[in-house]
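# Inside the fold
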Amino acid sequence: MVPLVLALCLMPPKIVADISVSGLEEDAEDNVMLMLSIQKEQCDAPKWKIQGEFEDADREIGQALRALGFYHVVIKKSLVFHKDCWKADFNIHPGTRVVVNDVEILIEGDAKDDLDFSKLLKNLPLKQGNPLHHGRYETMKSKIESLALDSGYLQGSFTEKKLLIDKQNNTAQIKLTFDSGKRMVFGDVIVQQDILDDGFVKKYLSIKSGDVYTSEQLAKTYNALSQSGYFDTVDIRSDLEHVQNQRVPVTIKLSAKKKAHYGFGIGFDTDIGPLLNASYINRRINHYGHFFTANFDLSPVLSTAEVEYSIPLDKPTTDFLSFGGGLKREHTDTFKSMSATISGRHKHAYANGWKQTIFLDYNYEDFTTASDSGQTLLLVPGGSWLYSVSNNPLRPTEGYRLEFEAKGSYENPISDASFMQGYLSAIWLHELPLGGKFIGRTLQGATLVDRITQLPTSYRFYAGGINSVRGYNYKELGPKDNLGNVEGGELLSVFSAEYEHPVLENWGVAAFVDTGNAFNFDSINFKTGVGLGVRWYSPVGPIRIDFALPLDESDSSFQIHFAAGGRI
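Residues numbered from 1 in each chain as written. Predicted model: local features only at pLDDT ≥ 70, side-chain atom pairs only at ≥ 80, totals over all residues. Heavy atoms only, no water.

### Examining the state of the cysteines
Inspection of every chain in the model, using the stated rule, returns one disulfide. Paired through a disulfide, C43 and C85 show a sulfur-sulfur distance of 1.7 Å. Between C43 and C85, the S-S dihedral sits near -75 degrees, and the bridge is therefore left-handed. You can see C43 sitting in the loop between α2 (26–35) and α3 (47–66) and its partner C85 sitting in the loop between β2 (74–81) and β3 (86–93), a full 42 residues away along the chain. (Disulfide = S-S within 2.5 Å. Helix = DSSP H or I, 4+ residues; strand = E, 2+ residues; numbered from the N terminus.)

What follows is the structure, encoded as structure tokens:
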């Protein structure tokens, strides 16, 4: 095997022959090169094959240029054989291009007065006065047929398709007549499944018997069922062979995903250290789609255990009610905390992409900092709103993510403090020339409270770490007491600017500057970090390693930050 690999590596590269095409504009030249068989041959191809394809080039060039409306092509060509290779030259005069001088398109049948067809006809790619382009002519017909199928005109067809070309006058006439026939509606909709309550499953269906038949509603139903989390396969079939009175029967076959799913993982994050993870999902607590999730994370700095019981509401694709609880242990350089939370949540996904969560948390926390300690009970209502969009889920070059949160509490017999708090997180990605991209990031937060020490550490602001100000330890930054101990702040403000550039197919480098801090209203003091990073775009998502230097006073003179996962 090794000698074979070595021999392959030492073989001389294939030499490509020189083929030149002149006299044409770029789009015409590209089309000719796509059609020419001879341009695919290499220097060592047999001479008889090259000569045969050279002779056939006139036909191929003519075909390529007729597709773009050139019917008077004149070709001058030459073929020369050298010792090691050969060369072919084609000088092409395309002549006058045919122009469309008349477009006549008639829609008959039920679609005659359909506004969607009227809009389509106004925006077709060939109009009177345009140069003839056979590809666009075919696109015109395809768009009409596609709209008919999408809109329920399943028996529609062209009764006339004519493209009349007058070569002498270099003009073309288009005549199309499309008979849509009768518009179909959905007939009986039969769902074959024994997994969940039939009434619950029907809440995912966008198609109803008697509604106008559209492929959009079929696709919407398929996506809703596929993304519900309950079904392994979704098969939707329209029975076009048994259409009666323009009613199309539809059968939906569903097979179940496994009821239980277990997950285990290990990882590493420089903010919290080595990480062990375990998760559990019970997808079907009952026939009404209730489900249960549990997640456990264990690390030296931050460990959590969370459970949640979720109930789909009348619109299960967008609305859930959930009840849950969690434990959290957090030991940083600035504080130690143990907390327990029980919560209720209403989750809603808006049609415009925003995701809303309205929550009520009841939190107990036992915390210790260098300057204070305590135990608190807080009843905290609030809401959060999230919007995220990108052009690629694994390797985005354009996109942004916005997250807002507002919450608070009022002191009463079951809640120990009054406060109001708002938080904003935003990330923006923008593609730059030469393949690079700019990543802008900000974190902003504000708390209204009599004294920040009334709140446990989970409700105070800190800065520092890979997702905050790099160059500083995780939650190292914040306002300090008289002894110089960080106690957490009322405000948070972080800004980051980063340039990322690819260097290989799945690798990139980055340069960044972060600035910000957590502080109180009377003590604003920004800290800045700068550095370089390495990016690996792995099959499961990006992995980041950053080497950062603090430009202000810090617990260390150098930080290495490591994290995995996307930012949007």
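### A word on the packing of α2 against α3
The relative placement of two packed helices is expressed as an angle between their axes plus a distance between the axes. Running from amino to carboxyl end, α2 crosses α3 at an angle of 135 degrees, the nearest separation of the two axes being 9 Å. Relative to α3, α2 is oriented oblique. Crossing handedness for the pair α2 and α3: right-handed. Judged by residue contacts, A28, N31, V32 and M35 of α2 engage E60, I61, Q63, A64 and L65 from α3. Residues that form the contact of α2 with α3 fall into these classes: six nonpolar, two polar and one charged. (Axes fitted to C-alpha atoms, helices over the stretch in contact; angles between N-to-C directions. Parallel < 35°, antiparallel > 145°, perpendicular 65-115°, else oblique. Left-handed = near helix turned anticlockwise from the far one by under 90°. Contact = heavy atoms within 4.5 Å. Nonpolar A, V, L, I, M, F, W, Y, C, P; charged D, E, K, R; others polar.)

### Some thoughts on the pairing of strand β21 (residues 491–504)
Where a strand is regular, its side chains alternate between the two sheet faces. As paired strands, strand β20 (residues 437–448) and β21 are joined by ten bridges and run antiparallel to one another. Counted as the bridge partner of G440 is A497 from β21. Two elements, β21 and strand β22 (residues 507–519), share 13 bridges in a ladder whose sense is antiparallel. What sits directly across from L491, in β22, is F519. (Pairing = 2+ DSSP bridges.)

### Quick word on the sheet that holds strand β8 (residues 231–238)
Across the sheet, three strands lie side by side as β7-β9-β8; this open sheet has mixed pairing. Looking at which strands have only one partner, the edges of the open sheet turn out to be β7 (185–192) and β8. Shown here is a sheet whose adjacent strand axes are inclined to one another by a mean of 20 degrees, direction ignored. Pairing geometry for β8 and strand β9 (residues 247–256), over seven bridges, is antiparallel. In the sheet register, R237 faces β9, and the bridge partner there is T251. Taken strand by strand, helix α7 (residues 215–226) contacts β7, β8 and β9, and its axis lies near 165 degrees from that of β8.

### Digging into a nonpolar patch on the surface
A contiguous nonpolar surface patch, about 870 Å² in accessible area, is contributed by V503, L504, W507, V509, V534, W536, F547, L549, F558 and I560. Residue classification places I560 among the partly exposed residues on the basis of a relative accessible area of 41%. (Patch = residues over 30% accessible without salt bridge, like charges linked within 9 Å, V, L, I, M, F, W, Y side chains within 5 Å. Areas by Shrake-Rupley, 256 points an atom, 1.4 Å probe, with all protein chains shown as cover. Salt bridge = Lys/Arg side-chain N within 4 Å of Asp/Glu carboxyl O. Buried < 20%, exposed > 50% of the residue type's maximum accessible area, 1.4 Å probe, protein only.)

### Remarks on the sheet that holds strand β6 (residues 171–179)
Pairing is mixed across the open sheet formed by three strands, whose spatial order is β4-β6-β5. Lying at the two open borders of the sheet, with one neighbouring strand each, are β4 (99–108) and β5 (157–166). Taking the axes of each pair of neighbouring strands and ignoring which way they run, one obtains an average angle of 5 degrees across the sheet. As paired elements, β5 and β6 share nine bridges and run antiparallel to each other. Among the inter-strand pairings, S157 is bridged to a residue of β6, identified as D179. Each of β4, β5 and β6 touches helix α5 (residues 134–150); the most contacted strand, β5, lies at about 165 degrees to it.

### Looking at the nonpolar core
Counting residues in each nonpolar core, the largest one holds 23 residues, and the members touching the most others are V32, L36, I38, L65, W86, F90 and I92. Per element, the largest residue contribution to this core is six residues, and it comes from α3. Residues in contact with I92, not counting those within four places in the same chain, are V21, S22, G23, L24, V32, I61, L65, V73, V74 and I75. (Core = buried A, V, L, I, M, F, W, Y, C linked by side-chain atoms within 4.5 Å.)

### Considering α3
Taking 1.5 Å per residue as the helical rise, α3 with its 20 residues ought to reach 28 Å, and the 29 Å between its terminal C-alpha atoms agrees with that figure. At D56, α3 shows its strongest bend, of approximately 40 degrees. Buried within α3 are the following residues: I50, E53, F54, A57, E60, I61, G62, A64 and L65. Where α3 is buried, its residues touch α2, β2 and β3. (Expected span 1.5 Å × (residues − 1). Bend = angle between axes of the 7 residues up to and from the residue.)

### So, the pattern of salt bridges
Under the definition given, this model contains 25 salt bridges. In this structure, E498 engages R470 in a salt bridge whose closest nitrogen and oxygen atoms are separated by 3.1 Å. Placement of the pair is E498 in strand β21 and R470 in the loop between β20 and β21, with a sequence separation of 28 residues. Across the pair, R470 and E498 agree in class, each one buried. Across the pair R470 and D546 runs a salt bridge whose closest N-O atoms are separated by 2.9 Å.

### Some words on the environment of A511
Mapped onto the secondary structure, A511 falls in strand β22. Classification of A511 by relative accessible area gives partly exposed; the value is 35%. Along the chain, A511 and P300 lie 211 residues apart, while their C-alpha atoms are 29 Å from each other. Beyond its immediate stretch of four places on either side in the chain, A511 contacts A497, E498, Y499, G531 and L532.

### So, the side chain of E41
Summarising the element assignment, E41 is placed in the loop between α2 and α3. Engagement of the side chain of E41 in a polar contact is seen with the side chain of K49, the distance being 3.4 Å. When near neighbours in sequence (up to four residues on either side) are disregarded, E41 contacts A17, K49, I50, E53 and W86. (Polar contact = N/O pair within 3.5 Å; in protein donor to acceptor, adjacent residues only side chain to side chain.)

### Let's talk about the side chain of R470
Judged by relative accessible area, which is 0%, R470 ranks as buried. At a separation of 2.7 Å, a polar atom in the side chain of R470 contacts the side chain of D514. In this view, R470 contacts R441, G465, S496, E498, F512, D514, G529, R535, D546, A548 and H561; residues no more than four positions away in its chain are not counted.

### Topic: the packing of aromatic side chains
In total, this model carries 20 aromatic pairs according to the counting rule given. Here F186 and Y213 contribute two aromatic rings whose centre-to-centre distance is 4.8 Å and whose plane-to-plane angle is 40 degrees, an arrangement assigned as tilted. With F186 in strand β7 and Y213 in the loop between α6 (198–202) and α7, this residue pair connects regions lying 27 residues apart in the sequence. The same class applies to F186 and to Y213, which are both buried. Between F268 and F562, the ring centres sit 6.1 Å apart and the planes meet at 50 degrees, which makes this aromatic pair tilted. Of this pair, F268 sits in strand β10 (residues 260–269) while F562 sits in strand β25 (residues 559–564), placing them 294 residues apart in sequence. Judged by relative accessible area, which is 44%, F268 ranks as partly exposed. Taken together, the ring pairs connect F200, Y204, Y230 and F231 into an aromatic cluster. A cation sits over an aromatic face here: R395 above Y537, 3.8 Å from the ring centre. (Phe/Tyr/Trp six-rings, centres within 6.5 Å; stacked < 30°, edge-to-face > 60°. Lys NZ or Arg CZ within 6 Å of the ring centre and 35° of its normal.)

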